[in-house]
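Structure at a glance
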Amino acid sequence: MARLLAIDYGGKRTGLAVTDPSKIIVSPLQSVETTYLTPFLKEYLTKENVERIIVGYPENPMEDRQNPIVKQIILFTDNLKRLFPNIPLEFYNEEFSSVEAVGLLREGNFKKKYRQTKGNTDKMAAAVILQGWMDENFKN
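Residues numbered from 1 in each chain as written. Predicted model: local features only at pLDDT ≥ 70, side-chain atom pairs only at ≥ 80, totals over all residues. Heavy atoms only, no water.

Within the secondary structure layout, Thr 46 lies in helix α1 (residues 37–47). At 2.7 Å, the side chain of Thr 46 forms a polar contact with the backbone oxygen of Glu 43. (Helix = DSSP H or I, 4+ residues; strand = E, 2+ residues; numbered from the N terminus. Polar contact = N/O pair within 3.5 Å; in protein donor to acceptor, adjacent residues only side chain to side chain.)

In structure tokens form, the structure reads like this:
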């Protein structure tokens, strides 16, 4: 059985989340400085069996195509497809994922210092993206 991996790509930091091998539980994995993202993924994907990568992307990419982060996401995913051609990659609407992540951290009674650490919000946003994708694709 293989995991799913979600990526909430950011200019400075990128949040990552994964499922368990049975694809039942979504967990925030890590926040990585974006400059180190590709080397991190190369190592992670050689150790873990990942069946699909889900990347957060704006709802209206054609309207946002001039947005610098959208350009970076496109370049990043093109490179990821070249590096790992056997792992399917999909985009998923990331709209409000960070806002929802902040809410989940508050509801989860995480301490203020933990909630204020931006990397924790990033990896929780990736978990929100992954859970949303699973809800849409694994309907009972």
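Still to come is the rest of the account.
This part is about the nonpolar core. Ranked by size, the top nonpolar core spans 21 residues in total, and within it Leu 5, Ile 7, Leu 41, Leu 45, Ile 53 and Leu 80 carry the most contacts. Residues Met 124, Ala 126, Ala 127 and Met 134 belong to the second largest nonpolar core, which totals 13 residues. (Core = buried A, V, L, I, M, F, W, Y, C linked by side-chain atoms within 4.5 Å. Buried < 20%, exposed > 50% of the residue type's maximum accessible area, 1.4 Å probe, protein only.)

Evaluated as defined, the whole model comprises four aromatic pairs. Measuring from centroid to centroid gives 4.6 Å for Tyr 57 and Phe 91, while their planes differ by 50 degrees, and the two rings are tilted. A residue pair is termed long-range when its members are at least 10 positions apart, and Tyr 57 in strand β4 (residues 50–57) and Phe 91 in strand β5 (residues 89–93) qualify at 34 residues. The exposure class assigned to Phe 91 is partly exposed, which follows from its relative accessible area of 37%. Centre to centre, the rings of Trp 133 and Phe 138 are 5.6 Å apart; their planes meet at 85 degrees, and the pair counts as edge-to-face. What makes Phe 138 partly exposed here is its relative accessible area of 37%. (Phe/Tyr/Trp six-rings, centres within 6.5 Å; stacked < 30°, edge-to-face > 60°.)

Quick look at the environment of Leu 45 now. By the element assignment, Leu 45 lies in helix α1. With a relative accessible area of 10%, Leu 45 lands in the buried category. Measuring from C-alpha to C-alpha, the distance between Leu 45 and Leu 5 comes to 9.6 Å, with 40 residues separating the pair along the chain. In contact with Leu 45, not counting residues within four places along its chain, are Leu 5, Val 50, Ile 53, Phe 84 and Ile 87. (Contact = heavy atoms within 4.5 Å.)

This part is about α1. Along α1, the positions that sit buried rather than exposed are Leu 37, Leu 41, Tyr 44 and Leu 45. Projected down its long axis, α1 carries its buried residues within an arc of 95 degrees, all on one side. Those residues of α1 that are exposed and angled more than 90 degrees off the buried face are Thr 46 and Lys 47. Each element contacted by the buried residues of α1 is listed here: β1 (3–8), β2 (13–19), β3 (26–33), β4 and α2 (68–83). (Arc of directions from axis to C-beta.)

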